Amino acid sequence: MEEEACRRLHQRKELNDHLLPVGKDTITLTALDDDPDEYVPDLNYKVGSSRRKQLYDKKMTKALNGALPEVNDTCLIYVMEMDLKKAVTGAANPKKRKIVNPIDTEFCFGFLSKKPIPKVPSFPVFLRQGRMEANIFLARSKLQIDAEMMELLKAFHHYIFDNVLRLVKGGLAFVPDKAPVSVLIVPLRRGYSLSLFLTYLEAREKFGRVNMTIVMKNKN
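Keep in mind it's a predicted model, so treat the numbers as computed, not measured. (Residues numbered from 1 in each chain as written. Predicted model: local features only at pLDDT ≥ 70, side-chain atom pairs only at ≥ 80, totals over all residues. Heavy atoms only, no water.)

A. Examining the overall build of the chain more closely. If you tally the helices and strands in the chain, you get 2 helices and 11 strands. Reading the secondary structure of the chain in the N-to-C direction produces α-β-β-β-β-β-β-β-β-α-β-β-β. Of all 220 residues assigned to the chain, the portion counted as buried reaches 30%. The contacts of the chain with a sequence gap of at least 6 include a subset with a gap of at least 24, amounting to 68%. For the chain, the exposed surface amounts to about 15,600 Å²; the carbon and sulfur share of it is 53%. (Helix = DSSP H or I, 4+ residues; strand = E, 2+ residues; numbered from the N terminus. Buried < 20%, exposed > 50% of the residue type's maximum accessible area, 1.4 Å probe, protein only. Contact = heavy atoms within 4.5 Å. Areas by Shrake-Rupley, 256 points an atom, 1.4 Å probe, with all protein chains shown as cover.)

What follows is the structure, given as structure tokens:
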């Protein structure tokens, strides 16, 4: 059994000829594999992180490339839902804060795409609140957005990644039309049918800081 495992790992170049793990110090940077299901624009080398000695290919799914909705065209709404399966207890919650299950809240996040994506099975996510189960599913309703709504959604998406998550670093520019993953993150309100909900105060747009509040319901 062990010999077969080593043979397969060696064939996949996870082990070198001495049957030792291949790491950043022993592997030669090579071109990415030609995988038809994954897409990496303008990237022809392997990348790694300080926390992971093994190199890996940074790839992005083709299903999310070229998915940016177009103005006045109907687009699909995908819901991103988190369900708390096991809340933290004891030492992991020293202040005994109340843990709220995200699935019981009024709002959730989703994303818009002009084309369908393959079904994604649920998967576990381990957060400070405890073990969550993440689900991504297609809403029954579709949405048609005009030019004004498109600008609001782009501003909301940019605000989330820049001002909230603070993932925008020097040298990065927000150009969704040319991004390899071109879906838009949107806020959704639960109800009889999910509705697109956007309350956006003092948002930064190309015209300066403005106040924007808009609620748009899906068409059944």
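B. Main features of a nonpolar patch on the surface. A cluster of nonpolar side chains, Y159, V164, L165 and L167, forms an exposed patch at the surface whose accessible area comes to about 350 Å². With respect to the helices and strands, L165 occurs in the loop between α2 (147-164) and β9 (184-189). (Patch = residues over 30% accessible without salt bridge, like charges linked within 9 Å, V, L, I, M, F, W, Y side chains within 5 Å. Salt bridge = Lys/Arg side-chain N within 4 Å of Asp/Glu carboxyl O.)

C. Just the layout of surface pockets, in detail. Space inside the second largest pocket adds up to approximately 450 Å³. Breaking the lining of the second largest pocket down by element, the ones donating at least two residues are β5 (74-87), β6 (107-113), β8 (130-144), α2 and β9. Of the residues contributing to the lining of the second largest pocket, the split by class is 15 nonpolar, 1 polar and 2 charged. (1 Å grid on protein atoms, 1.4 Å probe; cavity = no way out; pocket = protein on both sides within 12 Å on 5 of 7 lines; lining within 4 Å. Points joined across faces, edges and corners; volume = space filled by probe spheres on them. Nonpolar A, V, L, I, M, F, W, Y, C, P; charged D, E, K, R; others polar.)

D. Examining the pairing of β6 more closely. Burial runs high along β6: 5 of the 7 residues are buried. With 5 bridges joining them, β5 and β6 adopt antiparallel strand pairing. For I77, the partnering residue across the bridge sits in β6 and is L112. (Pairing = 2+ DSSP bridges.)

E. Spatial organisation of the side chain of D83. Along the chain, D83 turns up in strand β5. Looking at D83, its side chain comes within polar contact range of the side chain of K85, at 3.2 Å. Beyond its immediate stretch of four places on either side in the chain, D83 contacts N101, I103, R131, M132 and E133. (Polar contact = N/O pair within 3.5 Å; in protein donor to acceptor, adjacent residues only side chain to side chain.)

F. Inspection of the packing of aromatic side chains at higher detail. All told, the structure shown has 2 aromatic pairs when counted by the stated rule. Aromatic pair Y78 and F111: ring centres 5.3 Å apart, planes at 15 degrees, arrangement stacked. Taken together, the positions of Y78 in strand β5 and F111 in strand β6 put the pair 33 residues apart, joining distant regions of the chain. For the pair shown, Y78 and F111 are each scored as buried. (Phe/Tyr/Trp six-rings, centres within 6.5 Å; stacked < 30°, edge-to-face > 60°.)

G. View of α2. With 18 residues, α2 should cover 26 Å at 1.5 Å per step; its first-to-last C-alpha distance of 25 Å lies within 8% of that length. Burial in α2 covers these residues: M149, M150, L152, L153, K154, A155, F156, H157, I160 and D162. Two to three positions downstream of the cap, the backbone nitrogen of E148 sits 3.3 Å from a side-chain oxygen, assigning the N-cap of α2 to D146. Directly after α2, the chain includes R166, whose backbone phi takes a positive value near 55 degrees. (Expected span 1.5 Å × (residues − 1).)

H. How the structure looks around the confidence of the model for the chain. With 70% of its residues at a pLDDT of 70 or more, the chain shows a mean pLDDT of 75. Long-range and interchain partners of residues 26-37, a stretch whose pLDDT sits below 50, account for 21 contacts in this model, where long-range means more than four residues apart. (pLDDT = per-residue confidence, 0-100.)

I. Examining unusual backbone geometry more closely. In this structure, K96 takes a positive phi of about 55 degrees despite not being glycine. By relative accessible area, which is 70% here, K96 ends up exposed. Its identity as a non-glycine residue notwithstanding, R166 has a phi of 55 degrees, on the positive side. With respect to the secondary-structure elements, R166 resides in the loop between α2 and β9.

J. Spotlight on the pattern of salt bridges. In the structure shown here, the tally under the stated rule is 6 salt bridges. Here K154 ties to D177 by a salt bridge, and the two come within 3.7 Å at their closest N and O atoms. One end of the pair, K154, is in helix α2; the other, D177, is in the loop between α2 and β9, with 23 residues separating them in the sequence.

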